[in-house]
Amino acid sequence: MNGSKIRVLALDLDGTLTNDEKIVTPRTRAALDAAAAQGVTIVLASGRPTAGIMPLAKDLGLDKKGGCILAYNGGKIVDCATGAALYQKLLAPEFVPQLCRFAAEQDVALLTYDSRGIVCERDQDPWARKECVTTKLEMYHVDDLASYVDYPICKMLITLDPARRDAVCAAGRQQFEGKIDIYPSSPFFIEAVPLGVMKDVSLGALLERMGLTRENLMACGDGLNDRSMIAYAGVGVAMQNAEQPVKDCADYVTTADNNHDGVAEGVEKYLTAEAVDAAAKILGSEKDAVTVSEIKEIKVSGYKTDMDKITVKVPMAALPESGTTVAVIIRVKTPNGKIVNLPLAGVVVEETVVVNGVARKVRKVQLELDATTMINLQAGKAYIAAVTRK
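Given the structure is predicted, the values throughout are model-derived calculations rather than measurements. (Residues numbered from 1 in each chain as written. Predicted model: local features only at pLDDT ≥ 70, side-chain atom pairs only at ≥ 80, totals over all residues. Heavy atoms only, no water.)

Engineer: How would you sum up the packing of aromatic side chains? Please name residues and give values.
Structural biologist: Tallied over the entire structure, the rule returns six aromatic pairs. Here the aromatic rings of Tyr252 and Tyr270 are separated by 6.0 Å at their centres, their planes lie at 75°, and the arrangement is edge-to-face. Linking Tyr252 in strand E14 (residues 252–253) with Tyr270 in helix H11 (residues 262–280), this pair joins segments that are 18 residues apart in sequence. Among the residues examined, Tyr270 registers a relative accessible area of 14% and is labelled buried. (Phe/Tyr/Trp six-rings, centres within 6.5 Å; stacked < 30°, edge-to-face > 60°. Helix = DSSP H or I, 4+ residues; strand = E, 2+ residues; numbered from the N terminus. Buried < 20%, exposed > 50% of the residue type's maximum accessible area, 1.4 Å probe, protein only.)

What follows is the structure, given as structure tokens:
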């Protein structure tokens, strides 16, 4: 598919966007910045509750750049900038005590969420505690979950030993067939959601609201609950660590897993490759290469550097007016000859310089870099491969 058609990028979180330490790595952050700078709307699509996604959304700047949270596996979509709910499906109250009885009969933990965090009768259950790690929310003990939940909820979550997942899931589907949907989202989680709630359905509603179609959607994931959106999207990308049924329905399977920038690989392939190829004809030939020492304002204070700035000179004709946000791809040639594309977001800045007594305007792109990217730049010579106006 032509990458220029993609206007929405839906990303599963756990096992996809984040690594096993629940961190978004520098290269992946840079890829998302470049996509956002091209006008792509980023949707964080997860089984987590809204409160378990919002901190990451803000960390990625989606509350300022614009973006959405798809929570509860599609039960709710929230605008990151305004906090407004764009889509919501609630679990009917009568299913709460039924699910509690089912969990007790199966001898597994069942949880849901309130305004404080996670609520669960078996708050010390090791599989239930994994939701604390996933969402970074506190867990609170309740004596009787069925009685406690007297407020609207979007889903409940069964947590259990992976060895029992498929059998318990099959039993749940049989008992609740035609009433609610039961499906696994990880080796130790089973989702209980309103009938028809899946990531593809809610993404379809969002696309319709935006005046777009599935052809404008790229979706990345790894779990069985991601399969629907990957199959639905114009471009569906499965991580290398994805379960086999997810890989089977994907348009592309990354060579890297979630611990090695699989999302960045997919984004670079479909969302930035065209910009690199087109702009390389103007800016990216080897004769235009500059050594790292010629790129100004690199400041590295060690591996713990959070963010530093770099300013790179680009021909004036290639840049829009000062203050414009642009997507920039810096292509780095390492000593072993490998070419690495580093997609970044930047801002055009203009200043007046005096050369031989003559004042002239110089336009540059100011980029924010993390320590890893700067180390990559120091590894070899770099040149601008693409400048795309937002």
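Now that the structure is up, let's keep going.
Engineer: Lay out the nonpolar core in plain terms, naming residues and giving numbers.
Structural biologist: Core analysis: the largest hydrophobic core is formed by 48 residues, its most contacted members being Leu9, Leu17, Leu44 and Met218. In terms of residues, this core owes the most to one element, H11, which gives five residues. Apart from the residues within four sequence positions on either side, Met218 is in contact with Ile6, Val8, Leu9, Ala10, Ala233, Val235, Val237, Gly266, Val267, Tyr270 and Leu271. (Core = buried A, V, L, I, M, F, W, Y, C linked by side-chain atoms within 4.5 Å. Contact = heavy atoms within 4.5 Å.)

Engineer: So what's going on with the pairing of strand E5 (residues 85–88)? Residues and values would help.
Structural biologist: Bridge count between strand E4 (residues 76–79) and E5: three bridges; the pairing is antiparallel. If you follow Val78 over to E5, its bridge partner there is Ala85. Counted between consecutive antiparallel strands, the loop separating E4 from E5 contains five residues, among which Gly83 sits at a positive phi close to 80°. (Pairing = 2+ DSSP bridges.)

Engineer: Which residues make up empty space enclosed by the protein, and what are the values?
Structural biologist: Any empty space left between the atoms is revealed when a probe the size of a water molecule rolls over them. Under the defined criterion, the tally for this structure stands at one cavity of 30 Å³ or more. In this structure, the largest cavity encloses a volume near 30 Å³. Taken together, Arg29, Leu32, Asp33, Ile42, Leu60, Leu62 and Lys65 make up the full set of residues lining the largest cavity. When contributions to the lining of the largest cavity are tallied by element, the ones reaching two or more residues are helix H1 (26–37) and helix H3 (62–65). Partitioned by chemical class, the residues of the lining of the largest cavity number four nonpolar, no polar and three charged. (1 Å grid on protein atoms, 1.4 Å probe; cavity = no way out; pocket = protein on both sides within 12 Å on 5 of 7 lines; lining within 4 Å. Points joined across faces, edges and corners; volume = space filled by probe spheres on them. Nonpolar A, V, L, I, M, F, W, Y, C, P; charged D, E, K, R; others polar.)

Engineer: With reference to specific residues and values, describe helix H7 (residues 165–175).
Structural biologist: Among all positions in H7, only Arg165, Val168, Cys169 and Gly172 are buried. End-on view of H7: buried residues confined to an arc of 100°, all on one side of the axis. For H7, the exposed residues set more than 90 degrees away from the buried face come down to Asp166, Ala167 and Gln174. For H7, the elements touching its buried residues are helix H4 (95–106), strand E10 (180–186) and strand E11 (189–194). (Arc of directions from axis to C-beta.)

Engineer: Please give an account of the pairing of E10 that cites residues and values.
Structural biologist: Moving residue by residue along a regular strand, the side chains alternate between the two faces of the sheet. By the criterion of burial, E10 is predominantly enclosed, with six of the seven residues buried. Two elements, E10 and E11, share six bridges in a ladder whose sense is antiparallel. The partner of Tyr183 across the bridge, within E11, is Glu191.

Engineer: Any chance you could break down the sheet that holds strand E9 (residues 156–159) for me, citing the residues and the numbers?
Structural biologist: Read across the open sheet, the six strands follow the order E8-E7-E6-E9-E11-E10; overall the sheet is mixed. Every interior strand has two partners, whereas the edge strands, strand E8 (139–141) and E10, have only one. The average angle at which neighbouring strand axes cross in this sheet is 30°, direction not considered. Strands E10 and E11 of the sheet are contacted by H7, whose axis makes an angle of about 165° with E10. (Axes fitted to C-alpha atoms, helices over the stretch in contact; angles between N-to-C directions.)

Engineer: Account for the pattern of salt bridges, naming residues and giving values.
Structural biologist: The full count for this structure, using the stated rule, is 14 salt bridges. We note a salt bridge from Lys22 to Asp14, for which the minimum N-O separation is 3.0 Å. Members of the salt-bridge network, linked through shared partners, are Asp12, Lys199 and Asp226. (Salt bridge = Lys/Arg side-chain N within 4 Å of Asp/Glu carboxyl O.)

Engineer: Just give me the short version of helix H8 (residues 199–210), but keep the residues and values in it.
Structural biologist: Taking 1.5 Å of rise per residue, twelve residues should cover 16 Å, and H8 covers 16 Å from first to last C-alpha, within 8% of that figure. Residues of H8 that are buried include every one of Lys199, Asp200, Ser202, Leu203, Gly204, Leu206 and Leu207, and no others. Note on H8: the residue one or two positions beyond its end, Gly211, has a positive phi of about 75°. (Expected span 1.5 Å × (residues − 1).)

Engineer: Tell me about the confidence of the model for the chain, residues and numbers included.
Structural biologist: For the chain, mean pLDDT is 81; residues scoring 70 or higher make up 73% of the total. Under a pLDDT of 50 for its full length, residues 379–390 has, in the predicted model, 73 contacts with residues more than four places off or in other chains. (pLDDT = per-residue confidence, 0-100.)

Engineer: Lay out the side chain of Ser46 in plain terms, naming residues and giving numbers.
Structural biologist: Assignment of secondary structure puts Ser46 in the loop between strand E2 (41–45) and helix H2 (54–59). For Ser46, a relative accessible area of 2% corresponds to the buried category. At 2.9 Å, the side chain of Ser46 and the backbone nitrogen of Arg48 are in polar contact. For Ser46, the contacting residues outside a window of four places in its chain are Asp12, Leu13, Asp14, Ile53, Leu70, Ala71, Tyr72, Asn73 and Lys199. (Polar contact = N/O pair within 3.5 Å; in protein donor to acceptor, adjacent residues only side chain to side chain.)

Engineer: Describe the packing of H4 against H7, with residues and values.
Structural biologist: Remark: H4 packs on H7, axes separated minimally by 11 Å, with the N-to-C direction vectors making an angle of 145°. By crossing handedness, the relation of H4 to H7 is classed as right-handed. Contact residues: Gln98, Phe102, Glu105 and Gln106 in H4; Val168, Ala171, Gly172 and Gln175 in H7. Along the lines of polarity and charge, the residues of the contact of H4 with H7 split into three nonpolar, four polar and one charged. (Left-handed = near helix turned anticlockwise from the far one by under 90°.)

Engineer: Describe the side chain of Asp14, with residues and values.
Structural biologist: Relative to the helices and strands, Asp14 is located in the loop between strand E1 (8–11) and H1. At a separation of 3.0 Å, a polar atom in the side chain of Asp14 contacts the side chain of Lys22. A distance of 2.7 Å separates a polar atom in the side chain of Asp14 from a polar atom in the side chain of Arg48. Excluding residues within four positions of it along the chain, Asp14 makes contact with Lys22, Ser46, Arg48, Thr134 and Asp222.

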